[in-house]
Amino acid sequence: MAVQTVFAHVSCSDLEPSIGWYERLFGKPPLRRPMPGLAGWQFTESAEVQLFEDKEKAGTSTLTLGVLPLAPERQRLVDAGLEPGPIEKADNFWIMRMRDPDGNLVVFASAERE
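First, a word on what this report is: a plain description of the structure on this page. What you are looking at is a predicted structure, and each value in this text was computed from that prediction instead of being measured. Along each chain, the written sequence defines residue order, and numbers are assigned to residues from 1. Per-residue local features of the predicted model are confined to residues with pLDDT of at least 70, and side-chain atom pairs are confined, for both listing and counting, to 80 or more; whole-chain, interface and lining totals are unaffected and use all residues. Side-chain metrics in this entry use all non-hydrogen atoms of the structure; hydrogen atoms and water are not considered.

**Regarding the nonpolar core**
By nonpolar core we mean a set of buried residues, namely Ala, Val, Leu, Ile, Met, Phe, Trp, Tyr and Cys, connected to one another through side-chain atoms within 4.5 Å. Summary of the burial criterion: residues with accessible area below 20% of their type's maximum are buried, those above 50% are exposed, and those between are partly exposed, where the area comes from a 1.4 Å probe applied to protein chains only. Core analysis: the biggest nonpolar cluster contains 24 residues, and Y22, L25, F26, L51, M98, V106 and F108 have the highest contact counts within it. The helix and strand labels rest on DSSP assignments: H or I over at least four residues marks a helix, E over at least two residues marks a strand, and numbering proceeds from the N terminus. For this core, the elements supplying multiple residues, two or more each, are β1 (6-12), α1 (15-26), β3 (38-44), β4 (47-53), β5 (62-66), α2 (70-79), β7 (94-99) and β8 (105-110). Ranked by residues supplied to this core, first place goes to α1 with six residues.

Structure follows, in structure tokens:
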């Protein structure tokens, strides 16, 4: 298997308010809205997050994002009116956790704190 692209999928209960929250999280609006109930943000040629309206599965997703460094990203989220958790030390990296309005877990992981 030669995987070329990975799409992360997050389920939400109501797409429009969730888009607003994720716009603040990502610092930009979705690049695509290819069909009803779906919005997508593209970060590189092979990294994309898709937000999909699915009331039954909303709140069950986990999205892990790799960022460098973590502390400035945390401050950007606070400035955007979001509520990220504290920066936590793991074995060889740092993480920060937060929840979207549906309770989906968003984890930031980084090899650099500052």
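**A look at α1**
By this rule, a helix spans an expected 1.5 Å times one less than how many residues it contains. Taking 1.5 Å of rise per residue, the twelve residues of α1 would be expected to cover 16 Å, and the 16 Å separating its terminal C-alpha atoms lies within 8% of that figure. Within the span of α1, buried status applies to L15, S18, I19, W21, Y22, L25 and F26. Projected down its long axis, α1 shows its buried positions confined to an angular sector of 170 degrees, all on one face. At the C-terminal side of α1, G27 shows a positive phi close to 75 degrees. Summarising the geometry, the arc corresponds to the directions from the helix axis toward the C-beta atoms.

**Examining unusual backbone geometry**
At the junction of L68 and P69, the peptide bond is cis and its omega measures out at -25 degrees in the coordinates. Locating P69 in the fold gives a position in the loop between β5 and α2.

Fair warning: the whole summary comes from geometry, so function is off the table for now.
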